[in-house]
Amino acid sequence: MATMTTTPTTTTAQPPTRRQTAERAMPTVAPPVDIFETDKAYVLLADMPGVRPDGLDVLAERDELVIRGRVERPAIAPAYQEFELADYHRAFTLTEDLDTAGITAALKDGLLRVEIPKSPRVQPKKIPVRTE
Amino acid sequence: MNGQAMWNPWREMQRLQRDMEHVFGEAVPAARWSLTGEYPPLNLTRDDKGITLEALCPGVDRPSLDISVVGDAVTIRGERKAELDAAEERYSRRERPLGTFTRTVGVGEQLDPDRTQATYSNGILRVQLARAPEAAPKKIPIQS
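Here the structure is a predicted model, which is why all the values come from computation and not from measurement.

**Q** Just give me the short version of the overall build of chain B, but keep the residues and values in it.
**A** Looking only at helices and strands, chain B has 1 helix and 9 strands in total. Tracing chain B from N to C terminus, the helices and strands come up as α-β-β-β-β-β-β-β-β-β. With 144 residues in all, chain B has 27% of them scored as buried. A fraction of 62% describes how many contacts in chain B between residues 6 or more apart in sequence connect residues 24 or more apart.

Okay, structure coming up:
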């Protein structure tokens, strides 16, 4: 069994990345994502714990999809700490066969789900088979 | 990628990716990380009222969440499930660890299980723990 009775330790803290050193006042991390394909859409899932719906931005402009989330940091430092909330940012390039106007996003329990519909022309359709 | 590595979201998440990434056209994804090791990461605060344990665990299937308190130990269980419409062969990125997790921690103070409260919001599980009433000294009569 792990114990948490010891005094605060720094062993769980990760060394800051270069970026965070430069932006110490506002740390930002890239959320881990899953991307999978269905017949009609690409689905992007991102773990963004600590983000409330009003702190979330999903932007699709031209060929770029940007996800951003703001978190509120706790007022008091924990006595024992394994994680520290940080704002989220990650950007993706979209290719032309996606319908950016039809993008939808939902945030539930810190999990963001973005659906990017495929353009109708790339959705599966019945292909007539020619016999020779 | 070492599939046996302890899951540490910050190792992944602190890896800033400002460069543009492509949604598809990736190589075959590596095997998904499993929730082995110490998951979820925890923060603990203490005050006069009690002890608050916060667990960073987004996207957990709510019915699977289970918290138990015994003595000074708190156990958190839950499961992160794959989306229903996700077929295994149609992933182009798999960075989120899925699976069941169990973590037990001792907080170093005797707890009152009956006064435990928990909330789960925005992917953070917050468990309010109450200290057990201190055992009152018992006066032992001396028989003559």
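**Q** Tell me about the sheet that holds strand 3 (residues 51–56) of chain B, and please be specific about residues and values.
**A** Here 5 strands make up an open sheet; going across it, the order is 7(A)-2(B)-3(B)-9(B)-8(B) and the pairing antiparallel. At either end of the open sheet lies a strand with only one pairing partner, and these are strand 7 (80–81) of chain A together with strand 8 (117–121) of chain B.

**Q** Account for the environment of Q110 of chain B, with residues named and values stated.
**A** Residues and elements named next belong to chain B. Note that Q110 resides in the loop between strand 7 (99–106) and strand 8. For the pair Q110 and A132, spaced 22 residues apart in sequence, the C-alpha separation works out to 5.5 Å. In contact with Q110, other than residues within four places in its own chain, are G71, D72, R131 and A132.

**Q** Report on the nonpolar core, specifying residues and quantitative values.
**A** Grouped together as the largest cluster of nonpolar side chains are 27 residues, with contacts concentrated most on Y42, L44, L45, A46, L112 and I116 of chain A. At the level of secondary structure, the elements contributing two or more residues to this core comprise strand 3 (33–37), strand 4 (41–47), strand 5 (51–61), strand 6 (64–71), strand 8 (87–93) and strand 10 (111–117) of chain A. Among the elements that take part in this core, strand 4 of chain A stands out by supplying 5 residues, more than any other. Y80 of chain A together with L53, V74 and V105 of chain B belong to the second largest nonpolar core, which has 19 residues in total.

**Q** So what's going on with the sheet that holds strand 4 of chain A? Which residues, and what values?
**A** Pairing is antiparallel in the open sheet, where 5 strands are placed in the order 9(A)-10(A)-4(A)-3(A)-6(B). In this open sheet, the two edge strands, each paired with only one partner strand, are strand 9 (104–108) of chain A together with strand 6 (91–94) of chain B. Averaged over all adjacent pairs, the angle separating strand axes in this sheet is 15 degrees, with direction ignored. Direction of pairing for strand 9 of chain A relative to strand 10 of chain A: antiparallel, over a ladder of 5 bridges. When the sheet's bridge partners are listed, T104 of chain A is paired in strand 10 of chain A with E115 of chain A.

**Q** With reference to specific residues and values, describe the pairing of strand 5 (residues 73–80) of chain B.
**A** Remember that side chains alternate between the two faces of the sheet whenever the strand is regular. Residues and elements named next belong to chain B. Here strand 5 shows a buried face lined by V74, I76, G78 and R80 and an unburied face lined by A73, T75, R77 and E79. Here strand 4 (residues 66–70) runs beside strand 5; their pairing, made up of 5 bridges, is antiparallel. In the strand pairing of strand 5, V69 is matched with V74. Linkage of strand 4 to strand 5, two consecutive antiparallel strands, is achieved through a turn of 2 residues, within which G71 is found at a positive phi near 65 degrees. Where strand 5 lies against strand 7, 8 bridges are found, and the strand directions are antiparallel. Within the sheet, the bridge partner assigned to T75 lies in strand 7 and is T104.

Reading the values: rules and limits
Residues numbered from 1 in each chain as written. Chains lettered and ligands numbered in written order. Predicted model: local features only at pLDDT ≥ 70, side-chain atom pairs only at ≥ 80, totals over all residues. Helix = DSSP H or I, 4+ residues; strand = E, 2+ residues; numbered from the N terminus. Buried ≥ 20, exposed ≤ 12 C-beta atoms within 10 Å, placed from the backbone. Contact = placed C-beta atoms within 7 Å. Pairing = 2+ DSSP bridges. Core = buried A, V, L, I, M, F, W, Y, C linked by C-beta atoms within 7 Å. Axes fitted to C-alpha atoms, helices over the stretch in contact; angles between N-to-C directions.

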